[in-house]
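The primary structure of each chain is shown beneath.
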2 protein chains.
Amino acid sequence: MTVRVGVIGGGQLARMMIAPAVELGLDLRVLAEADGMSARLAATAVGDYRDLETVRAFAQDVDVITFDHEHVPQEVLRALVDDGVKVHPGPDALQFAQDKLVMRARLAELRIPQPDWAAVHDAAELQAFLDDHGGRAVVKTPRGGYDGKGVRVVASGTDVDDWFSGLDEGGALLVEELVPFVRELAQQVARRPSGQIVAYPVVETVQRDGVCAEVIAPAPDATDRLVRVAAEIGHRIAEGLGVTGMLAVELFETDDERILVNELAMRPHNSGHWSQDGAVTGQFEQHLRAVADLPLGVTERRAAWSVMVNILGGPAEGALEDRFPAAMAQHPEAKIHTYGKAPRPGRKVGHVNVSGEDLDDVVYTARAAAAFFA
Amino acid sequence: MTVRVGVIGGGQLARMMIAPAVELGLDLRVLAEADGMSARLAATAVGDYRDLETVRAFAQDVDVITFDHEHVPQEVLRALVDDGVKVHPGPDALQFAQDKLVMRARLAELRIPQPDWAAVHDAAELQAFLDDHGGRAVVKTPRGGYDGKGVRVVASGTDVDDWFSGLDEGGALLVEELVPFVRELAQQVARRPSGQIVAYPVVETVQRDGVCAEVIAPAPDATDRLVRVAAEIGHRIAEGLGVTGMLAVELFETDDERILVNELAMRPHNSGHWSQDGAVTGQFEQHLRAVADLPLGVTERRAAWSVMVNILGGPAEGALEDRFPAAMAQHPEAKIHTYGKAPRPGRKVGHVNVSGEDLDDVVYTARAAAAFFA
């Protein structure tokens, strides 16, 4: 029978599941935060994902629950599991994506390479970490940060006193060494509940102001060792944390050839948008296959190179769509993906994928096509 | 602003427009014949496409009207145009897809190569054609035939007396020579209202019992001349008939290297389903771009070969989706497309696309994956 996949959250990740769901005949149902969100075409309910009864009512009519984001509270997730609902990824896995301190501790147990880190409860503890790590470090709020929010580079133990004063009794912040990285990478894998895992090629991600700006797939000049180590890290985290669905592991590559885990995301991820057009099985299809416990698709590339450039903010005047004629006329090979969101400075409102055999050409075209939407 | 594209007809062709419409941010609205049809996710109205007031009400809330099929009556189409509605393809073009006698006469005017043909009003006229063409011929009802319906091979002037007796006063049937073809081909082009045209590579189509069974893209062993002539025929028909949107020209290739036009379709077509996964711009995206008068996308192949195999009928028991686990496990490179229709003998319920560098491998895999759904 037709599998009903319920997605909590109505953002662009849920939206981009619609296309593969239609083709695979999966019945996609979205619990959106509000009317008119990105995934509105598949929205069958609107409500607060933090409210157990809202989520429970939504879950009643689906075969499996998955997510557009990682913000559904553990209490809600665990109540669903207790109700007998299939939840992928499940709460035991999601806790590691929801709390960066819990994630760091677990990766340490698994002996996955990561930056030096500590849980710090006050300015004195932070200063001690700074003294041990060259006087500068990165402080993160363990929960709720994304796209550069909840992240601050500090040089003094008192630089995040505002965050310390907001902590609950016994609460802590995460401090990490400032990694001397030469570039950022991302490794995606998909894992089914039954255990099958497939890995995508490791990609290079370029961040600007803490937000993903572009992605090159595969990562240029990647040595065999790099490709192997990145894929192994993806496999070990997916298995060690019990992830189901897509997992994205953001990585630092250092000047001394270390690969260190930066962040995790347990859902389709911006670093994998290239795969919609550049891989035989795109990440949104793969996520649906994984959470429905269907055999996974091959992750082979369709072209030597694919480049994704985010459309951030969108036009200062008018709609994104007003720029289609000029962009499409100049770049008929560009694949434009829009999120159905109103333009707003810094907001992710779409992206452009371009694939081809020559990396310089592909980078140029993807940037030039995306520039029409600025 | 967001372009609202209204599609008349809720079948699988409308369904397969949903994925590119979502990614391009086009607001797709479907007038379906009934509830629960293939394109139900995008259905905003249900009603009879032959009823002017139904179609007129639907057209009020869209920017352009296009089609899942060619059956909307001329009176309805012309009334929409008179109302100022953009209709693509328009009635002047669609008449040639709606009436095969009108089509043959127009192609003759344009000097497009086609089989010998005649309009026959009775058994005597048919017998005269047979006497001139070796005693066998193909008779077609000018209107309403598809997938082998309304087509009969005859050897005597009296073989279609049932059809003659059903004709209106002055009505005629179309008779065509039995072309000694070595294979069937299809040429697709897309044309915008503003005149831009792009051509897809000519493909080989394999029919069984009058229904398309599989398609190989590009047509194997196609000479430069064949590729050029097929594309020229596509261009000339699109321009000569004023087609907007996708045009499919079904062709015979004869043993003496002639290319003759068999049938036309003015919409996305079964012979172009391979392009969803095998071309940079799939035919459903291209159709939307064309009817919205947006610049057309490149038609380059993503792989050396793509093969599409139709899923006809579907499983004798259970749903198509029940076969996913076995098919996907054996063929993780296959792209499965389902139409959300109940299995029924002979019915087109889905298709499988496979792309790759070795034709034998691609054909084998596509057939093997599709066989899981038989």
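Since we're looking at a predicted model, the values are computed, not measured.

Remarks on the sheet that holds strand E3 (residues 43-46) of chain B
Residues and elements named next belong to chain B.
- Spatially, E3-E2-E1-E4 is the arrangement adopted by the four strands of the open sheet, whose pairing is parallel. Whereas interior strands pair on both sides, the edge strands pair on one side only; in this sheet they are E3 and strand E4 (64-67). Across the sheet, the axes of successive neighbouring strands diverge by a mean angle of 25°, strand direction being ignored.
- Looking at chain direction, strand E2 (residues 27-32) and E3 are connected through three bridges and run parallel. By the bridge assignment for E3, alanine 32 is matched with valine 46.
- Sitting on the sheet, helix H1 (residues 12-24) touches strand E1 (4-8) and E2, and the angle it makes with E2 is about 170°.

Points about the pairing of strand E2 (residues 27-32) of chain A
Residues and elements named next belong to chain A.
- Of all six residues that make up E2, six are buried, and the element is covered over most of its length.
- Side chains Asp27, Arg29 and Leu31 project from E2 onto one buried face, and the interleaved Leu28, Val30 and Ala32 project onto a second face that is buried too.
- As a crossover connection, the stretch from strand E1 (residues 4-8) through helix H1 (residues 12-24) into E2 is right-handed.

Some remarks on the domain arrangement of chain A
Residues and elements named next belong to chain A.
- The domain boundaries assigned to chain A delineate domain 1 (4-87), domain 2 (116-177) and domain 3 (181-371).
- A separation of 23 Å is found between the C-alpha centroids of domain 1 and domain 3.
- Counting from both sides, the interface comprises 17 residues of domain 1 and, opposite them, 15 residues of domain 3.
- Take the side of domain 1 that touches domain 3: its biggest share by element is eight residues, from H1.
- Partitioned by chemical class, the residues of the side of domain 1 that touches domain 3 number ten nonpolar, four polar and three charged.

A look at the relation of the copies chain B and chain A
- Superposition record for chain B on chain A: RMSD 0.0 Å, screw rotation 180°, translation along axis 0.0 Å. Taken together, these values place the two copies in the relation of a two-fold axis. No C-alpha of chain B lies nearer the rotation axis than that of B:Ala19, which sits 2.1 Å from it.

A closer look at the nonpolar core
- Counting residues in each nonpolar core, the largest one holds 215 residues, and the members touching the most others are A:Val5, B:Val5 and B:Ile18.
- Setting aside chain neighbours within four positions, we find B:Val5 in contact with B:Ala21, B:Leu26, B:Asp27, B:Leu28, B:Val62, B:Val64, B:Thr66, B:Leu288, B:Val291 and B:Ala292.

What to know about the environment of B:Ala368
All names here are of chain B.
- Structurally, alanine 368 is set in helix H12 (residues 359-371).
- On the basis of neighbour count, alanine 368 is assigned to the partly exposed category, with 16 C-beta atoms found within 10 Å.
- Between the alpha carbons of alanine 368 and arginine 228 there is a distance of 33 Å; along the sequence they are 140 residues apart.

Focus on the interface of chain B and chain A
- Each side of the interface is counted separately: chain B has 31 residues, and chain A has 31 residues.
- Where the side of chain B that touches chain A is concerned, the elements lending two or more residues are H1, helix H11 (324-330) and strand E16 (335-338) of chain B.
- The greatest single-element share of the side of chain B that touches chain A, amounting to six residues, is contributed by H1(B).
- Each residue belonging to the side of chain B that touches chain A can be placed in one class, and the counts come to 20 nonpolar, six polar and five charged.

Some thoughts on the sheet that holds strand E7 (residues 151-154) of chain B
Residues and elements named next belong to chain B.
- Strand order in the open sheet made by the four strands is E5-E8-E6-E7, with antiparallel pairing throughout. Edge positions in the sheet fall to strand E5 (117-120) and E7, since each has one partner strand and no second. For this sheet, the mean angle separating the axes of adjacent strands, direction not counted, is 25°.
- Packed on one face of the sheet, helix H5 (residues 100-109) meets E5, strand E6 (137-140) and strand E8 (173-177) and runs near 50° to E8.
- On the sheet, helix H6 (residues 123-132) packs against E5, E6 and E8 and is oriented at approximately 160° with respect to E5.

Overview of the packing of H1(B) against helix H10 (residues 283-291) of chain B
All names here are of chain B.
- Interhelical geometry of H1 versus H10 gives an angle of 65° and a closest axis separation of 8 Å. Where H1 crosses over H10, the two elements pack in a sense that is right-handed. Contacts from Met16, Met17, Pro20, Ala21 and Leu24 of H1 reach H10 at Phe284, Glu285, His287 and Leu288.
- Split by residue class, the contact of H1 with H10 holds seven nonpolar, one polar and one charged.

Some thoughts on unusual backbone geometry
- Looking along the chain, the bond that leaves A:Ala217 and enters A:Pro218 is cis, with omega of -10°.
- Relative to the assigned elements, A:Pro218 resides in the loop between strand E12 (211-217) and helix H8 (224-240).
- Located in the positive-phi region is A:Asp209, a residue other than glycine, with phi close to 55°.
- Along the polypeptide, A:Asp209 turns up in the loop between strand E11 (203-208) and E12.
- With a phi angle near 55°, B:Asp221 is a residue other than glycine that sits in the positive phi range.
- Mapped onto the elements, B:Asp221 comes out in the loop between strand E12 (211-217) and helix H8 (224-240).
- Note on B:Asp221: 8 C-beta atoms within 10 Å, which makes it exposed.

Quick word on the packing of helix H3 (residues 74-82) of chain A against helix H4 (residues 91-98) of chain A
Residue and element names in this part refer to chain A.
- Contact geometry for H3 and H4: axes closest at 10 Å, N-to-C directions at 170°. The angle between H3 and H4 places the two elements in the roughly antiparallel class. Two packed elements cross with a definite hand, and for H3 against H4 that hand is right-handed. Of the residues in H4, those in contact with Gln74, Leu77, Arg78 and Val81 of H3 are Pro91, Leu94 and Gln95.

Cut-offs applied
- Residues numbered from 1 in each chain as written.
- Chains lettered and ligands numbered in written order.
- Predicted model: local features only at pLDDT ≥ 70, side-chain atom pairs only at ≥ 80, totals over all residues.
- Pairing = 2+ DSSP bridges.
- Helix = DSSP H or I, 4+ residues; strand = E, 2+ residues; numbered from the N terminus.
- Axes fitted to C-alpha atoms, helices over the stretch in contact; angles between N-to-C directions.
- Contact = placed C-beta atoms within 7 Å.
- Buried ≥ 20, exposed ≤ 12 C-beta atoms within 10 Å, placed from the backbone.
- Right-handed = clockwise from strand over helix to strand, strands pointing away.
- Domains from an automatic or database assignment.
- Nonpolar A, V, L, I, M, F, W, Y, C, P; charged D, E, K, R; others polar.
- Least-squares fit on C-alpha atoms with pLDDT ≥ 70 in both.
- Core = buried A, V, L, I, M, F, W, Y, C linked by C-beta atoms within 7 Å.
- Left-handed = near helix turned anticlockwise from the far one by under 90°.
- Parallel < 35°, antiparallel > 145°, perpendicular 65-115°, else oblique.

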